[in-house]
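Okay, here's what each chain looks like letter by letter:
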Amino acid sequence: MVSAIFPAAGQGRRMKAGKNKVLLKLALKPLLLHTLHRFSDVPEVGELIVVTGREEMGEVRSILSAAKGLKPWRLVEGGSERQYSIWNGLKTVSDEADIVLVHDAARPLVTRAVIERVIEGARKYGGAVAAVPEKNTVKVVDEEGFVVSTPPRDRLWAVQTPQGFRKEILVEANIRAEADGFLGTDDASLVERIGVPIKVVEGDYSNIKITTPEDMVTAEAFMKQMRRKMHDTFRHGL
């Protein structure tokens, strides 16, 4: 069984909305629900673990309790850092789960195909992340802002979520990080440092993370495009 953890305890200050961004409405329903429904549509996913701030647990519980079509879910209180929040969630994962996915609650447009590719990669290699080829030229700069080098773009990938791991690997990585006082940039960085190679699988450029008000506009545009494709597919199928 696959367990999915959703860090949703961030303050989202760049949204300037005065509340957690995952509670904002996107196409008439909370952004968080869009994300959870995407994972609920994947047969292998057996449970959803939402990690949020203590002050928001009541509101989130009300939203999830009223929602239809969700896989079994639970709420967990978050920590002071994203890594600590995920560790809190990981401690509650079902004994039946062999694969754990971690996905930003603020990425509501992830597709079933991407989720399934990450699950497959995690089962086969121990760890896998969704990513897309970098479109832009990237510069490495020094402390004073001068260019040090220009990495070849064909070797650069922009990492997304979900990130997936065999449960025992992710647990060990978090235990080691906690013991060493290591704070990683993402879950894969914790796993990398214990010597487990991470497989990159194909993500999707529409799998954006909602961070600013402009991202909400972009997400709405992507959703309209997805609906048109589904409509055309259905129409031509008839």
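Report follows, based on the coordinates.

Thresholds applied
Residues numbered from 1 in each chain as written. Predicted model: local features only at pLDDT ≥ 70, side-chain atom pairs only at ≥ 80, totals over all residues. Heavy atoms only, no water. Buried < 20%, exposed > 50% of the residue type's maximum accessible area, 1.4 Å probe, protein only. Helix = DSSP H or I, 4+ residues; strand = E, 2+ residues; numbered from the N terminus. Pairing = 2+ DSSP bridges. Phe/Tyr/Trp six-rings, centres within 6.5 Å; stacked < 30°, edge-to-face > 60°. Axes fitted to C-alpha atoms, helices over the stretch in contact; angles between N-to-C directions. Parallel < 35°, antiparallel > 145°, perpendicular 65-115°, else oblique. Left-handed = near helix turned anticlockwise from the far one by under 90°. Contact = heavy atoms within 4.5 Å. Nonpolar A, V, L, I, M, F, W, Y, C, P; charged D, E, K, R; others polar. Lys, Arg positive; Asp, Glu negative; His and termini not counted. Salt bridge = Lys/Arg side-chain N within 4 Å of Asp/Glu carboxyl O.

**Some thoughts on the pairing of strand 1 (residues 2–7)**
Here is the key point about a regular strand: its side chains alternate between the two faces of the sheet.
Inference 1: Most of strand 1 is tucked away: six of the six residues are buried.
Inference 2: Side chains Val2, Ala4 and Phe6 project from strand 1 onto one buried face, and the interleaved Ser3, Ile5 and Pro7 project onto a second face that is buried too.
Inference 3: Bridge analysis of strand 1 against strand 4 (residues 45–52) gives six bridges, and the strand direction is parallel. Across the sheet, valine 2 pairs through a bridge with valine 45, a residue of strand 4.
Inference 4: Bridge analysis of strand 1 against strand 6 (residues 99–102) gives four bridges, and the strand direction is parallel. Its bridge partner being in strand 6, alanine 4 is matched across the sheet by leucine 101.

**Quick look at the packing of aromatic side chains**
Inference 1: Applying the stated criterion across every chain yields a total of one aromatic pair.
Inference 2: Between phenylalanine 6 and phenylalanine 39, the aromatic rings sit 5.0 Å apart at their centres with planes inclined by 85°, giving edge-to-face as the arrangement. In this pair, phenylalanine 6 sits in strand 1 while phenylalanine 39 sits in helix 1 (residues 31–40), placing the two residues 33 residues apart along the sequence. We note that phenylalanine 6, like phenylalanine 39, is buried.

**Examining the packing of helix 1 against helix 2 (residues 57–66)**
Inference 1: Interaxial distance between helix 1 and helix 2 falls to 11 Å at its minimum, and their mutual angle equals 50°. It follows from the interaxial angle that helix 1 and helix 2 lie oblique. Handedness of the crossing formed by helix 1 with helix 2: right-handed. Across the interface between the two elements, Leu32, Leu33 and Leu36 from helix 1 touch Val60, Ile63 and Leu64 from helix 2.
Inference 2: Counted by class, the contact of helix 1 with helix 2 contains six nonpolar, no polar and no charged residues.

**A few points about the sheet that holds strand 6**
Inference 1: Sheet architecture is open: seven strands sit in the order 5-4-1-6-10-7-11, paired in mixed fashion. Both outer strands of the open sheet, strand 5 (73–77) and strand 11 (199–202), are each paired with one neighbouring strand and no more. Ignoring strand direction, the axes of neighbouring strands in this sheet form an average angle of 30°.
Inference 2: For strand 6 and strand 10 (residues 157–166), the ladder comprises four bridges, and the chain directions are antiparallel. Within strand 10, the residue paired with isoleucine 99 across the bridge is arginine 166.
Inference 3: Relative to strand 1, helix 3 (residues 82–90) is tilted by about 145°, and along the sheet it contacts strand 1, strand 4, strand 5, strand 6 and strand 10.

**Brief notes about the side chain of aspartate 215**
Inference 1: Secondary-structure assignment places aspartate 215 in helix 7 (residues 213–237).
Inference 2: Lysine 21 is the oppositely charged side chain nearest to the buried, salt-bridge-free aspartate 215, at an N-O distance of 7.2 Å.
Inference 3: Aspartate 215 has contacts with Ile208, Lys209 and Ile210, leaving out every residue within four places of it along the chain.

**Details of the pattern of salt bridges**
Inference 1: As enumerated under the stated definition, the model contains 10 salt bridges in all.
Inference 2: Arginine 54 serves as the salt-bridge partner of glutamate 77, at 3.1 Å between the closest nitrogen and oxygen. You can see glutamate 77 sitting in strand 5 and its partner arginine 54 sitting in the loop between strand 4 and helix 2, a full 23 residues away along the chain.
Inference 3: Glutamate 77 gets classed as partly exposed once you look at its relative accessible area, which sits at 31%.
Inference 4: Among the residues examined, arginine 54 registers a relative accessible area of 61% and is labelled exposed.
Inference 5: A salt bridge links arginine 193 to aspartate 180; the shortest N-O distance between them is 3.1 Å. Taken as a pair, arginine 193 in the loop between helix 6 (187–192) and strand 11 and aspartate 180 in helix 5 (residues 167–180) lie far apart in primary sequence, 13 residues in all.
Inference 6: Judged by its relative accessible area of 33%, arginine 193 is partly exposed.

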